[in-house]
Amino acid sequence: MKLYRFLTGPDDATFCHKVTAALNKGWHLFGSPTYGFDQEAKSMRCGQAVVKDVEGQEYTSDTKLSDW
């Protein structure tokens, strides 16, 4: 199965750690990162899509992406 996640977070080290953790679990960057201003929080936010291929597993809507 192919899995897709979109990671988001504040523009600080926690976002970088979130992406780094995903890469170390076998996820791969997908596309370019995004960067935008959150009007409500008055801060910048980051986003990055990641994908992962998992052999021998079937995807269902109950699949918990963070488990992979």
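What you see as residue numbers is a count from 1 along each chain, following the sequence as written. Totals for whole chains, interfaces and linings use all residues, but because this is a predicted model, local features are given only for residues with pLDDT of at least 70 and pairs of side-chain atoms are given and counted only at 80 or more. Just so you know, side-chain values use all the structure's heavy atoms and leave hydrogens and water out.

By the naming in an unreviewed UniProt entry, the protein chain goes by DUF1737 domain-containing protein and is assigned to Mesorhizobium australafricanum.

Caption draft 1: Geometry of the sheet that holds strand 2 (residues 28–38). One bridge is not enough; two strands pair if DSSP finds at least two bridges between them. Strands here are runs of E lasting at least two residues and helices are runs of H or I lasting at least four, both read from the DSSP assignment and numbered beginning at the N terminus. With respect to topology, three strands assemble into an open sheet ordered 1-3-2, the strand pairing being antiparallel. Looking at the sheet topology across the chains shown, the edges are occupied by strand 1 (2–10) and strand 2. Sheet twist, expressed as the mean angle between neighbouring strand axes with direction ignored, is 15°. As judged from the nine bridges shared by strand 1 and strand 3 (residues 43–53), these two strands associate in the antiparallel manner. Residue pairing in the sheet places tyrosine 4 in a bridge with valine 51 of strand 3. By definition in these notes, contact holds between two residues if any of their heavy atoms fall within 4.5 Å. Every axis in this analysis is a line fitted to C-alpha atoms, fitted for helices over the stretch in contact. Angles between the N-to-C directions lie between 0 and 180 degrees. Where helix 1 (residues 13–24) meets the sheet, it contacts strand 1, strand 2 and strand 3, and its direction lies at approximately 165° from that of strand 1.

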